[in-house]
Every structure is written in structure tokens, then in C-alpha cells.
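# Survey of secondary and tertiary structure
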Amino acid sequence: MSRPGPLTRALGRRIGRGVDERFQLAGLVRSESSHVFPKHHSFLWGELALYSFVVLLVTGTYLSLFFVPDTTEVVYQGAYDNLRGLHVSRAYESALNLSFEVRGGLFVRQIHHWAAHVFVASIVVHMCRNFFTGAFRKPRELTWLTGIALLALSMLEGYLGYSMLDDLLSGVGVRIASGLVLSIPVVGTWLHWLVFGGEFEGELWISRFFVGHVFVLPGLLCALVGVHLLLVWYQKHTHFPGPGATGSTVVGDRAAPGFLVRTAANGLAVVAVLALLGALFQINPVFLWGPTRRSTAPRGCSRTGTSASSSGRCGSSRRGTCTSARTP
């Protein structure tokens, strides 16, 4: 790789001086690069949650380009032979197409799902570390509360994501959520109408779950992550007792270059592990669960031309997926 020439270096210096003359950033960058981060391994859990969240944003953006949040019923004629001919929602059909017809779709789906698990699990471990070491005490109460809010929103975000695929497994979860919302005194029916647009299961809930999962909750999570990181940076890290470590001093690496290099390596390691998990370990195989609704199909037989008895079994020896016609 060739080095930048004198003209390029001179131009860079002039741009840097111009920016500093207008915004006085040199002193700020110099002082903040001396910010010290502790070296203890327990601080890794917060970074693990952060980089898992970044992976979720990237993979989720890709998946949202192909997912169709629509309850309209269609006949599946895609690549997965065992479900061909079944009446499914367009949402479930798009999930199947993502898994079998979109290049890299199943791989990205599985990375996204694994990253969601790692994100929530790392937040839980990170919160446990803060609780059992007393890091939630004054003056860091607000940092602790933003962490609790992040955990609650991440769990809700995960629920919406797995529910809107409209497979049999998520259908059971959505039906349970419907009953829980209706059981809330006084406002339960109003909240149920707000979520489902009417009685269960309605025709609007998948599109509303999609808006919440792709736009509303990620925006709130990004805002809370930003506030959380700013509070940690401003109030300094907590740390364990040791030589030179006091209530006002932290022993560790400077932000740049020490911590910056280490955290970049951690981020690359997180991406690599999630990619291996997505490639080697199957998770949430929606094509095995089958669709949620069976309104016009002959009681769940996966091929046209087969019949079903009242017990829900196919009356033909042809291979297929047989389930009950009723919505869970």
C-alpha cells in the first residue's frame, strides 16, 4: 500500500486545523483519549451485549427487506416441498422464502436469532455483576435504571420478533399474550384492541408487531444504549480494590490506543462466534413447526389431493406434515 503524498498530508493538516479552529476539538479528544478503562474480565459482558446489539441491527435490517408483515392467506408454492399446497399467511410464506430462496437468508436468520439470545443473556449477566458488586449504588442509580430498561425492552423486542413469523410455535405464544392482555383489569380490552385491532387474532397484529420490532423498539434501544454509555463514560467505571485503585482513580488501559484495540478485537470475536453459531447450530426452524392458521386447508395435510380424518391424520400414504386445523 502506498503512503499518502505530501499534498494529501498537507490537505489533511489544513482540514484538521480548520475543524479545530471552529469547534476546539483537539483538547477534548486529547483529554478523553486518556479516559481509563479497567482490565477486569467481568467488564466484557457489557461489551458482549453492545456488539450483539450491533449484529442484531445489521442482520435485522437485511431480514426486514424480505419479510412481509401481512396476515393475508395464500397457498404456499415455494421451495420447501413438505409445506407446498398449504394455506399460510404471507408473513409465514416470506419467512419460508427467507429460509430457502433468499441467498444467505437462513444463515442471516440464524445469526439474528443467536445474537438475540446472546444479547439478552449478556445483559442479565452484566446486571448480575453490577448488582452483586454494588455498582448500582449512588451516584450510579440512573445507569442502573437504564440497564433495567434495556433488559425489559430487549425481552419485549425478542418476543415481537419471534411472534410475527406466524408459525405454530409463535402462534401459541401470541394466543397466551392475548389472554394475558385481556386479563388486565379495566383497560385489558382496550389494550387488546390497540395491539390486535379487534378480537383475537385479527388481521392487523403482525403489521403492528413489525412496526414495533423494526422501528419503535430499536429506536428506544439505541437511545437508551447511548444514554447508558454516556453515563458510564461520564461517571467513570466501577472497579475492584487493588494497588492504586481508589474511589477517585481507576487502574487500567487508556481509551486510545489500549482499550480501543482490545474492544475492537472483542467485537470481531463476537461477530465470528455468532457467525459460527448461525452456520453450525440450527435454531428456530419455523419450517418444521408449520403455519399457525388452517382455515381452508383440509386439516393440515401438506399436499393437495390428500384427505384428513377427524383425528387430524392424513388419509394418504404420501409424505406430508399433518396438524390440527384449529388455531392454538
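This text goes with the structure placed above it.
Here goes a summary of the coordinates provided. (Residues numbered from 1 in each chain as written. Predicted model: local features only at pLDDT ≥ 70, side-chain atom pairs only at ≥ 80, totals over all residues. Heavy atoms only, no water.)

Tallied over the entire structure, the rule returns 17 aromatic pairs. Seen in terms of ring centroids, Phe196 and Trp205 are 6.5 Å apart; in terms of plane orientation they differ by 45°. Their pairing is tilted. Exposure remark for Phe196: the relative accessible area of 2% places this residue in the buried category. The class for Trp205 is buried, based on a relative accessible area of 1%. Every member of this aromatic cluster is reached through a ring pair, and the members are Tyr159, Tyr162, Phe196, Phe200, Trp205 and Phe209. Between the NZ or CZ atom of Arg175 and the centre of the ring of Phe200, over which it lies, the distance is 4.6 Å. (Phe/Tyr/Trp six-rings, centres within 6.5 Å; stacked < 30°, edge-to-face > 60°. Buried < 20%, exposed > 50% of the residue type's maximum accessible area, 1.4 Å probe, protein only. Lys NZ or Arg CZ within 6 Å of the ring centre and 35° of its normal.)

This next bit is on a nonpolar patch on the surface. Together, Leu11, Ile15, Val19, Phe23, Leu25, Leu28 and Val29 give the surface a local cluster of nonpolar side chains, amounting to about 660 Å² of exposed area. When residues of the nonpolar patch are traced back to their parent elements, those giving at least two are α1 (6–23) and α2 (26–32). Ranked by residues supplied to the nonpolar patch, first place goes to α1 with four residues. Turning to its location among the elements, Leu28 is positioned in helix α2. (Patch = residues over 30% accessible without salt bridge, like charges linked within 9 Å, V, L, I, M, F, W, Y side chains within 5 Å. Areas by Shrake-Rupley, 256 points an atom, 1.4 Å probe, with all protein chains shown as cover. Salt bridge = Lys/Arg side-chain N within 4 Å of Asp/Glu carboxyl O. Helix = DSSP H or I, 4+ residues; strand = E, 2+ residues; numbered from the N terminus.)

Generally speaking, a soluble globular protein has its nonpolar side chains buried in company with each other. Of all hydrophobic cores here, the largest spans 44 residues; its most connected members are Leu83 and Leu274. When sequence neighbours within four positions are dropped, the list of residues in contact with Leu274 reads Ser52, Val55, Ile111, Trp114, Ala115 and Val118. (Core = buried A, V, L, I, M, F, W, Y, C linked by side-chain atoms within 4.5 Å. Contact = heavy atoms within 4.5 Å.)

One pass over the structure, following the stated rule, counts two salt bridges. Its salt-bridge partner being Asp70, residue Arg90 comes within 3.5 Å of it at the nearest N-O pair. Of the two residues, Arg90 is situated in helix α4 (residues 90–100) and Asp70 in the loop between α3 (44–64) and β2 (73–75); the sequence distance between them amounts to 20 residues. By relative accessible area, which is 34% here, Arg90 ends up partly exposed. We note a salt bridge from Asp81 to Arg84, for which the minimum N-O separation is 3.2 Å.

Further remarks concern the packing of helix α8 (residues 188–196) against helix α9 (residues 205–235). Packing of α8 against α9 leaves a shortest axis separation of 7 Å and a crossing angle of 85°. By the angle between their directions, the pair α8 and α9 is classed as roughly perpendicular. Contacts from Trp193, Leu194, Val195 and Phe196 in α8 reach Trp205, Arg208 and Phe209 in α9. (Axes fitted to C-alpha atoms, helices over the stretch in contact; angles between N-to-C directions. Parallel < 35°, antiparallel > 145°, perpendicular 65-115°, else oblique.)

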